[in-house]
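# Descriptive structure summary
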Amino acid sequence: MKSVRDLDVSGKTLFIRVDYNLPMDDQGNISDDNRIRATLELITYLIEKKSKLILASHLGRPKGGRDKKFSLKPAAVRLSELLNMPVAFAEDCIGDAVKKQVQALEPGQILMLENLRFHEEEKKNDPDFSKALADLCDVYVNDAFAVSHRDQASVTGITRYAKSSAAGFLLEKEVRSYYDSVEHPKKPLIVVIGGAKVSSKLAALENMLKFVDCMIIGGAMANTFLAANGVDTKGSMIETDLIDTASGIMAHAREKGINLLLPSDLVVADRFDKDAQSRTVSLNEIPDGWMALDVGPESAKRFANAIASAGTIVWNGPMGVFEMGPFAAGTQAVADAIAGSSAFSVVGGGDTGLAAKQCGITEKVSYISTGGGAFLHMMEGKVLPGVAALE
Ligand code: AMP
C-alpha cells in the first residue's frame, strides 16, 4: 500500500477521502467528533507540506439528493475550530462552482466538500462521477478506513482516474494494527467475540481459527454454541439453523488445540427489558420462557483469567446486553480484564467501541478501530476493496 508519506505532495492538490460520518443529535449538533480528531495528524502534516487540501466524506444515508439534515457543514465548522484556522465549504462535491473553489485554494488551505451521498452515483461507484471527483486533484488519499470495505466512487472508483493514489495515516494505522495483532501477534492470541448473531460474524469466527490460541465467545451468539452442546436455552435469542455450524466450529477448534471458552453460567431475565426480573443461573437452570441476557459472574471470571495470560487481544462484540445496566457486568468484566492486561489489545466493531467507552477503558487499550464493518471484513480474512485499489 503506497503511503502519502512517500509522495511529494508540496503544492499539490490532494483529494482526501475522510470518514466524517459523525453522530449528530436532533438539532444537527455533533455529539462525538472522534472521527474528525482521528484525521488531524494527517491534515496537519499536509498543511505543513503546503498541500492544497480537499476533504470529502459521506454523512448518514440521505435518500437521493440534497438534504440539509445530512450536510457536512457542521463538520467543516468543527474541523476549523480544532485546527484553529479557516476551512472553506463547497455546497456540492462536483461541478463548476466546486472546481472554481478548488482552483482558488492556496498552499496549506482546506476546502471541505458537501456530502458525497447527495449524488446516488457515489454508492453506485459510477465511472463518470468517480472521474469528476478525480479531476479535482493531483493526488487521491484514502484515510476513510471505516468505508474501505465498500466499492464506492470515492473509495475505489476514483483511483482508476486519479493521477496518483495513496493511503492516509489513519488507514495505514488501522490496517497495520489489525495485521500486527492477528497475523503477526505476540502469542498467545486471544480473540473475544460477542454480540447478537453468529450469522453476522460466522466468516470472522471461521477465519480467526487460523490464528488464535484461545477464543472466548459471549453475547447472544454464545447461545447457539450452548445449544449445540445440548443446553436448553429456553427463550434466549438463538439461530437454530446455525447449531450444526457452531458444532463444526467447536470440533475444528478442538482439532487445532484451540481453547474455546463458552459461558458456564448466565444472567437470565423474564423479558427483554432493563426492569425485567433477573437472576444468575447455571446452564441447565434457565426457567421456562426466560432468556440469557449476559454471561454470569463465574464465566466472567474464567474469561478474565484467560485474558490475563494473553500476549495479544482482539475484542469484537459485547458479552451481553450492555446497554441495560443489569446485563452489563459481563462486558464490564471483560473490558476491565483487557484494560488491566499488558498485552497489545485491539478493539473493533461499532458497538464494541461504544461498549469500551461505556466501560471507561478507551484510554487503556492499545487501539480502538474507527471501523465496524471494515474491521469485521478484515477479521473475515478479506482484503478491503479500498486498500486493494491503492495497491
Ligand atoms: P453486534 O452488533 O453483533 O456486535 O451485537 C451487539 C448487540 O448484541 C448489542 O446491542 C447487545 O445488546 C446485543 N446482545 C449481546 N448479548 C445479547 C444477548 N444475550 N441477548 C440479546 N442481545 C444481546
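Every chain is numbered independently, its residues counted from 1 as its sequence is written. Totals for whole chains, interfaces and linings use every residue, but because this is a predicted model, local features are given only for residues with pLDDT of at least 70 and side-chain atom pairs only at 80 or more, for both listing and counting. To get the side-chain values, all heavy atoms of the structure are used, and hydrogens and water are removed first.

## A few points about the site of the ligand
Distances are taken per atom, and a residue is near a molecule or strand as soon as one of its heavy atoms is within 4 Å of it. The ligand sits among 15 residues. The nearest are Ala 196, Lys 201, Ala 220, Ala 292 and Glu 323. For the purposes of these results, a polar contact is taken to be a pair of N or O atoms within 3.5 Å, where, inside protein, one atom must be able to donate a hydrogen and its partner to accept one; residues adjacent in sequence count only when each atom of the pair is a side-chain atom. A distance of 2.9 Å separates an oxygen atom of the ligand from a polar atom in the side chain of Lys 201. The separation between an oxygen atom of the ligand and a polar side-chain atom of Glu 323 is 2.4 Å. Exposure was quantified through the Shrake-Rupley algorithm and a 1.4 Å probe, taking into account, for residues, occlusion by the shown protein chains and nothing else. Relative to its unbound accessible area of 510 Å², the ligand is 82% covered by the protein chains. Using a 1 Å grid laid over the protein atoms alone, points where a 1.4 Å probe fits but cannot get out form a cavity; open sets with protein on both sides within 12 Å along at least 5 of 7 lines form a pocket; any residue with an atom within 4 Å of a point counts as lining. More than half of a molecule's atoms within 2 Å of the grid points is what it takes for that molecule to sit in a cavity or pocket. Judged by its atoms lying within 2 Å of the grid points, the ligand is housed in the second largest pocket. Under the grouping applied here, Gly and all other residues not named as nonpolar or charged are polar, the nonpolar ones being Ala, Val, Leu, Ile, Met, Phe, Trp, Tyr, Cys and Pro and the charged ones Asp, Glu, Lys and Arg. A per-class count over the shell around the ligand returns eight nonpolar, four polar and three charged.

## A word on the environment of Ser 299
Strands are runs of DSSP state E lasting at least 2 residues, helices are runs of H or I lasting at least 4, and numbering of each runs from the N terminus. If you trace the backbone, Ser 299 turns up in helix H10 (residues 297–308). You can call Ser 299 buried: its relative accessible area is 0%. When checking whether two residues touch, look at their non-hydrogen atoms; a contact exists if any pair is within 4.5 Å. Non-local contacts of Ser 299, meaning those with residues more than four positions away in its chain, are made with Pro 263, Ser 264 and Asp 265. Of the polar contacts made by the side chain of Ser 299, one reaches the side chain of Asp 265; its length is 2.4 Å. Three labels apply to residues, based on accessible area from a 1.4 Å probe with only protein chains included: buried if under 20% of the type maximum, exposed if over 50%, partly exposed otherwise in between.

## So, the layout of surface pockets
Empty space within the largest pocket amounts to approximately 1,200 Å³. The wall of the largest pocket is formed by 42 residues, among which Asn 34, Arg 35, Ser 369, Thr 370 and Gly 371 lie closest to the centre. When contributions to the lining of the largest pocket are tallied by element, the ones reaching two or more residues are helix H1 (34–37), helix H2 (40–48), helix H6 (169–183), helix H12 (350–358) and strand E15 (367–368). For the lining of the largest pocket, the leading source of residues is H12, giving four residues. Looking at side-chain class alone, the lining of the largest pocket contains twelve nonpolar, 17 polar and 13 charged residues. Of the domains in this structure, domain 1 (4–167) and domain 2 (174–379) are the two that each give at least three residues to the lining of the largest pocket. Grid points are joined across faces, edges and corners, and a volume is the space filled by probe spheres set on the points. Looking at the second largest pocket, its volume works out to about 550 Å³. What counts as a domain boundary in this text is fixed by an automatic or database domain assignment.

## Re the domain arrangement of the chain
Interfaces are often sized by the accessible area lost when the parts come together. Under the domain assignment used here, the chain contains domain 1 (4–167) and domain 2 (174–379). Just the C-alpha atoms count here: the centres of domain 1 and domain 2 sit 35 Å apart. Listed as interface residues are six residues of domain 1 and, on the opposing side, ten residues of domain 2. Summing both sides of the interface, domain 1 and domain 2 together bury roughly 630 Å²; the carbon and sulfur share of this comes to 70%. Salt bridges are defined by distance alone: a side-chain nitrogen of Lys or Arg within 4 Å of a carboxyl oxygen of Asp or Glu. Where domain 1 packs against domain 2, one counts one salt bridge. Across the pair Lys 357 and Asp 32 runs a salt bridge whose closest N-O atoms are separated by 3.4 Å. Taken together, the connections running from domain 1 to domain 2 amount to two residue pairs in polar contact (both at pLDDT 80 or more). Buried area: the accessible surface (1.4 Å probe) lost by two parts on joining, summed over both.

## Let's talk about the sheet that holds strand E6 (residues 164–167)
Following DSSP output, two strands are said to pair if at least two bridges run between them. Reading across the sheet, the six strands line up as E3-E4-E2-E1-E5-E6 and stay open at both edges, with parallel pairing between neighbours. Each edge of the open sheet is held by one strand with a lone partner, namely strand E3 (88–89) and E6. Pairing geometry for strand E1 (residues 13–17) and strand E2 (residues 52–56), over five bridges, is parallel. Bridged to Phe 15 within E2 is Ile 54. Note on method: axes are straight lines fitted to C-alpha atoms, helices fitted across the in-contact stretch only, with angles between N-to-C directions ranging 0 to 180 degrees. On top of the sheet, H2 reaches E1, E2, strand E4 (110–112) and strand E5 (139–142); it is set at about 155° to E2, its chief contact.

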